[in-house]
Amino acid sequence: MTFHLENADFEVQPEGLFLFAALPEDFSKDIPKGTTALCFAVFPSDFRTVIGALQQIGQKLVYDTRAKQLSFGPEVCDM
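Residues numbered from 1 in each chain as written. Predicted model: local features only at pLDDT ≥ 70, side-chain atom pairs only at ≥ 80, totals over all residues. Heavy atoms only, no water.

Draft legend 1. Representation of the packing of aromatic side chains. Under the definition given, this model contains 3 aromatic pairs. Consider the rings of F3 and F10, whose centres lie 6.3 Å apart with planes at 45 degrees: the pair is tilted. For the pair shown, F3 and F10 are each scored as buried. Seen in terms of ring centroids, F10 and F72 are 4.8 Å apart; in terms of plane orientation they differ by 90 degrees. Their pairing is edge-to-face. Taken together, the residues F10 in strand 2 (residues 9-11) and F72 in strand 6 (residues 69-74) connect sequence positions 62 residues apart. Note on F10: relative accessible area 1%, which makes it buried. F72 sits in the partly exposed class, given a relative accessible area of 21%. Through pairs of rings, three or more aromatic residues link up here, namely F3, F10 and F72. (Phe/Tyr/Trp six-rings, centres within 6.5 Å; stacked < 30°, edge-to-face > 60°. Buried < 20%, exposed > 50% of the residue type's maximum accessible area, 1.4 Å probe, protein only. Helix = DSSP H or I, 4+ residues; strand = E, 2+ residues; numbered from the N terminus.)

Below, the structure is given as C-alpha cells:
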C-alpha cells in the first residue's frame with residue numbers, strides 16, 4: 001500500500017499492514033474458541049493520519065528541521 005503524501009509516496013510492505021490477533025472467547029458463538037484473525041492494521045479517518053509502528057517496519061524516517069521536510073526510505077533493521 002502506498003500513502004500519497006504532499007511531497008512523496010510512502011510505500012508500506014504487507015507486514016506493516018496486517019497483524020494476527022486472538023479473538024476474545026465471547027466474540028461470536030459461530031467462531032471456534034482460540035481462533036486467530038488476520039486484521040488490516042489501518043483505519044479511515046477524516047481528521048487525522050497516524051503512521052504507526054507497524055507501518056514503520058523496515059523504514060528510515062528523517063526530519064530535516066531546517067528545510068522542514070520529512071524523508072524516508074527502506075532500512076535494513078536486522079541485527
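Draft legend 2. Quick look at the side chain of Q59. Mapped onto the fold, Q59 is located in strand 5 (residues 59-64). A distance of 3.0 Å separates the side chain of Q59 from the backbone oxygen of E11, its partner in a polar contact. Those residues in contact with Q59 that lie beyond four places of it in its chain are F10, E11, G73, P74 and E75. (Polar contact = N/O pair within 3.5 Å; in protein donor to acceptor, adjacent residues only side chain to side chain. Contact = heavy atoms within 4.5 Å.)

Draft legend 3. Region of the structure containing a nonpolar patch on the surface. A contiguous nonpolar surface patch, about 550 Å² in accessible area, is contributed by M1, F18, F20, L38 and F40. Of all the elements in the fold, those that place two or more residues in the nonpolar patch are strand 3 (18-22) and strand 4 (36-40). As for its placement among the helices and strands, F18 is situated in strand 3. On the basis of relative accessibility, which here comes to 37%, the residue F18 falls in the partly exposed class. (Patch = residues over 30% accessible without salt bridge, like charges linked within 9 Å, V, L, I, M, F, W, Y side chains within 5 Å. Areas by Shrake-Rupley, 256 points an atom, 1.4 Å probe, with all protein chains shown as cover. Salt bridge = Lys/Arg side-chain N within 4 Å of Asp/Glu carboxyl O.)

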